[in-house]
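Each chain is listed here by its residues.
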Amino acid sequence: MKLFPRVFSYVIIFLIIYSISSAAMVSMFSDTVIKEQVYDNLKIASDSKAHHVESLLHEYKVGVESLAAISELSNSVNISRDNDVRISDAYRQVNLSLSVFHAAINIRLIDLNGTTIVSTSRHPGESPVNISTLLSFAMNTTYMGPIHKALHHNISTMSIASPLRVEGTTLGFIVVSFGAEDELFQILTERSGMGDTGETYVVNSDGFMVSPSRFVNDSVLNLEVDTDIITMWHEYIIEDSDSGIPHYEHNPDYDENKVMIYEGYRGVEVLGTHEHIESMNWLLIAELDTSEAFQPVDDMVLFIGITTLIIIITGGVIAFISVRNFTRPILEIHEGMREIEKGNYDHEVQAMSDDEIGELALSLNSMSFRVKVAKKALEEHNRELEAQVMERTRELSERMKGSERFRIATLNMLEDISETKMELENSEKMYSSVVNTSMDGIFIVQSNKVRFVNSSFMKIMEYDEGELIDKDLNDLFHGDIRGFIQDLYDPRGDGDIIPELFETLFLTRSGENVPVEVRTSKMTYEGKDAIINFIKDLRETIKLEVGIADALSQLQQSEKRREEFIDMAAHELRTPLTAIKTYTEMMEEGYMGTFDDEEKEHLEVLGKSIARLNDQITGMLDASKVIAGKLKSEKVLVNMKEITEEIVEQLDPLFHKKNQILKIDVGDINPILATPDLMRNVMMNLISNANKFTPASGHIDIRLFSIEEELHVEVQDDGIGISEENLPNVFERFFIGDRSLTGHQPQLGLGLSVVRVIVEQHNGRIWVESELGKGSTFHFVLPMMKEVTVEMKGGKQ
Amino acid sequence: MRIMLVEDDENLCLTMEFALKKVGHDIVGMANDGEAALNVYRDTNPELVIIDIILPKLHGIDVITKIKEMNTDAKILVTTGASHDSLIMKAMDSGAKSYLTKPFGMNDLITEIEKMK
């Protein structure tokens, strides 16, 4: 980013963050202040109204109680007095009181039977407070009756009753009715300072409004108020168990000073507070619509928002101007540097401010001035040098005139050379006859053009000589490698880069791509540098290679099939053998009835035959694998002494059984390079054969020794031996020894044929010396490692 | 034990049935090829399957794999006459619990079945 936008954007970001955060703080603060003020106003209104109502009701109560104390009135119910006198006295007094008591609209005196003795009403009718209520609640104290509609006027009234006592005994009641509209409702509907939506109203303990609503007509005792504030209040009205009059009991969690926001009875969200009027168990509520109450807050937020915007815009303009003034000298210097870069040393930087930047501009101007001076001096020096060079050149051409006579002498020499050239041409002719009869294709390239071809090359390319001579080198090659070839033969390049031997594709006349091997050599042709190319057609070779690969793959295929066949055959042979073995074992174990001792011996023979048959199958399988080279795995250094001892240990029980005497004699031998498993196989065969074909208490000698770096192993026994006519067949496959002499089936056959294959695979040889009835000696010889090699392999150096 | 036999050689199959019944096993099903083996397994749900690896129609390895798909807890004992170690390894990898190389006798068979319990 360039300098100016970067600095400007930093300033703007700072400005925005600063204005928005301060605006947020101011609006939060003023929101709190305004709300507190609104709440206070509402609280004060409800407080003062409630106080007002309470004192009015108190005034009524005291008034009624003072009337009850007037003797003319209490005497009216004193039946011990003269009836006419007490009534007329009472009547007079009542009317007098009514004229004094402005708010009262009716005063009546009632005896304990509920009979109205005196009434100021012309149509006395029934008492607004029935006798049972009076007997219950007004016997000893003043009773404040609820607001009700006057019987004949539909005027909201409330009645207060007080006991009339004669000599301390209650004999009747005075009931005074007051019009609520005149004084009580005046207090509540006085709405100065309440705005357009503010009101105060009173609700009784049944939840009905007992004062006029600002918004609903005829609300008194008709409008049920069911707002959150009433619900909450109801939770704290406790029925007094003694008097049955519901009363309010203070709960510490119930904060009367609380201002709430809730949905008012008109369904509009209002801000409200309340006061409890204890004497009547009323709730006085002061409400104001939140839309009106919070109008100042909204106005304030709008004001702050606009102010913030103005600050950002004016701040942005100021920042733009000051940042531009700040960065202008820097940009000027930057411009100056570019001019100097271009070589314009006359450019003068105009950034004249009296700070570090101004100083920088001055130094830049001074620097460019110095460079200008240095450059002029350099140009002057160059001019002087040029003049000197011209002087030297002139001297040189003077001297060259002197060398003219050398040239004439050279021309004479060239004449002699042309004679030699004639002889050279003769030898060239001889050379080309050799080239033309060559089996290899030959062509000569000079300056990327074909200059010479022989007949074999023409045959490969299917072109005549005339068509090939002067042909572009590129046209000989397959399209994909033309560019590459051009580089190879580039006459300007160093001759050494041409590879001496490479394979490529030539494009013949018929469009065939011929694989060829190219040998190149540098030569001189007709007096100029050239490249001679010897071409070998690889088409036949490749055909042969493909054929060999196919044959090899077929061979591998058939090898694999052969192995699969061998495996399958072994499986097929072993499966029926399993059935036989199972039956035999069942018979031996007594699952098929009982057998006598002789029969059991036969069963044993059967078991042994099965084992032998399986050995034969395994042997055949191994033999096939060995012969197929299957077991030809990696050869390692093998110690034959260890292997011999290992096998003898394995076979020890067999020697023990026949009480044979076994002797092992190991001379000074080195390890051999062999496959250990195969060597074990060889030793196992030879030693177990010796065990089998030697009678009890016979002798078996095993000898390992070396003669002329070859390992010799001999296994000699004094057993039955092999007849002269059988001797040559011992190592043949499926050879079975002489049955008549041994009395049981011999085990040579497969085993020894495998042994021979293994020994021969290890570049060794095997033979046998034997005489019938006297015993046999099996010999085999394997190449042995030299001592030095062993040490090298062992890593002793 | 409820055992199912899969063996393409009918004689060996009957032999094993005869032998195993003698020692008190219950032969619930027999099959002579791979496809039949799967059907019989589905119908009989045996506790143990004794199966030859080399089978006609469906290879023993595939049969073992499919049986394991049907029931991951299936107990399988493979038998083989080929001395291919790789084939036995494949069978064990597919889910066989143990193996017997042919020719095995009654004693080998009973011992191996005891181990499978």
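Residues numbered from 1 in each chain as written. Chains lettered and ligands numbered in written order. Predicted model: local features only at pLDDT ≥ 70, side-chain atom pairs only at ≥ 80, totals over all residues. Heavy atoms only, no water.

Looking at the overall build of chain B
Check the secondary structure of chain B and you find five helices and five strands. Classification of the 117 residues of chain B by burial places 54% in the buried group. When contacts within chain B are restricted to residue pairs at least 6 apart in sequence, long-range pairs at least 24 apart make up 62% of them. Here chain B has roughly 5100 Å² of accessible surface; of this, 46% comes from carbon and sulfur atoms. (Helix = DSSP H or I, 4+ residues; strand = E, 2+ residues; numbered from the N terminus. Buried < 20%, exposed > 50% of the residue type's maximum accessible area, 1.4 Å probe, protein only. Contact = heavy atoms within 4.5 Å. Areas by Shrake-Rupley, 256 points an atom, 1.4 Å probe, with all protein chains shown as cover.)

Considering the packing of aromatic side chains
Residues and elements named next belong to chain A. Counting across every chain of the model gives 13 aromatic pairs over all chains. Measuring from centroid to centroid gives 5.4 Å for Phe-8 and Phe-320, while their planes differ by 85 degrees, and the two rings are edge-to-face. Remark: Phe-320 occurs in helix H8 (residues 295-342) and Phe-8 occurs in helix H1 (residues 3-68); sequence separation between them is 312 residues. Ring geometry for Tyr-60 and Phe-178: centres 3.9 Å apart, planes at 5 degrees, overall stacked. In this pair, Tyr-60 sits in helix H1 while Phe-178 sits in strand E5 (residues 169-179), placing the two residues 118 residues apart along the sequence. Three or more aromatic residues joined by ring pairs form one cluster here, namely Phe-443, Phe-457, Phe-477 and Phe-506. Over the face of the ring belonging to Phe-215 we find Arg-266, whose NZ or CZ atom lies 3.7 Å from the ring centre. The ring of Tyr-463 has Lys-471 lying over it, and the distance from NZ or CZ to the ring centre is 4.7 Å. (Phe/Tyr/Trp six-rings, centres within 6.5 Å; stacked < 30°, edge-to-face > 60°. Lys NZ or Arg CZ within 6 Å of the ring centre and 35° of its normal.)

Some remarks on the pairing of strand E1 (residues 104-111) of chain A
All names here are of chain A. Here E1 lies mainly inside the structure; seven of its eight residues are buried. Note: E1 against E5, seven bridges, orientation antiparallel. Following the sheet pairing, Arg-108 is matched in E5 by Val-175. Alignment of E1 against strand E2 (residues 116-119), held across three bridges, turns out to be antiparallel. By the bridge assignment, Leu-109 is partnered in E2 with Val-118. Linking two consecutive strands that pair antiparallel, namely E1 and E2, is a turn of four residues; a positive phi of about 90 degrees is found at Gly-114 within it. (Pairing = 2+ DSSP bridges.)

A closer look at the side chain of Glu-585 of chain A
When you line up the elements, Glu-585 of chain A lands in helix H14 (residues 539-588). With no salt bridge to any partner, buried Glu-585 of chain A finds its closest opposite charge in Lys-581 of chain A, at an N-O distance of 4.6 Å. Within the structure, Glu-585 of chain A has its side chain in polar contact with the backbone nitrogen of Met-106 of chain B (distance 2.6 Å). Each residue touching Glu-585 of chain A, except ones within four places of it in the same chain, is listed here: Gly-105, Met-106, Asn-107 and Asp-108 of chain B. (Lys, Arg positive; Asp, Glu negative; His and termini not counted. Salt bridge = Lys/Arg side-chain N within 4 Å of Asp/Glu carboxyl O. Polar contact = N/O pair within 3.5 Å; in protein donor to acceptor, adjacent residues only side chain to side chain.)

With respect to the interface of chain A and chain B
Each partner contributes residues to the interface: chain A has 21 residues there, and chain B has 22 residues. Interface area lost by chain A to chain B is led by His-571, Thr-578 and Tyr-591 of chain A, which between them contribute 27%. Our count for the chain A to chain B interface comes out at zero salt bridges. Connecting chain A to chain B are nine residue pairs in polar contact (both at pLDDT 80 or more). Broken down by secondary-structure element, the contributors of at least two residues to the side of chain A that touches chain B are H14 and helix H15 (597-627) of chain A. Looking at the side of chain A that touches chain B, the element that brings in the most residues is H14 of chain A, giving 15 residues. The residue inventory of the side of chain A that touches chain B, partitioned by class, reads 10 nonpolar, five polar and six charged. (Buried area = accessible area lost by both parts, 1.4 Å probe. Nonpolar A, V, L, I, M, F, W, Y, C, P; charged D, E, K, R; others polar.)

What to know about the sheet that holds strand E21 (residues 710-717) of chain A
Residue and element names in this part refer to chain A. A sheet is described by the order of its strands in space; here five strands give the open sequence E18-E20-E21-E23-E22, paired in mixed fashion. Strand pairing shows two members of the sheet lacking a second neighbour, strand E18 (661-666) and strand E22 (765-771), which therefore form its edges. Put simply, the sheet's adjacent strands are angled 10 degrees from each other on average, direction ignored. Packed on one face of the sheet, helix H16 (residues 640-658) meets E18, strand E20 (699-707), E21 and strand E23 (775-783) and runs near 175 degrees to E20. Contacts from helix H17 (residues 676-692) reach E20, E21 and E23, with the element oriented near 170 degrees to E23. (Axes fitted to C-alpha atoms, helices over the stretch in contact; angles between N-to-C directions.)

Notes on the confidence of the model for chain B
A residue-level look at chain B finds 98% of positions with pLDDT of 70 or above and a mean pLDDT of 90. Ranking the helices and strands of chain B by mean pLDDT puts strand E1 (residues 2-6) of chain B first, with 95, and helix H4 (residues 85-94) of chain B last, with 85. (pLDDT = per-residue confidence, 0-100.)

Side note on the environment of Lys-66 of chain B
Residues and elements named next belong to chain B. On the secondary structure map, Lys-66 appears in helix H3 (residues 60-70). On the basis of relative accessibility, which here comes to 39%, the residue Lys-66 falls in the partly exposed class. Separated by 28 residues in the primary sequence, Lys-66 and Leu-38 place their C-alpha atoms 7.7 Å from one another.

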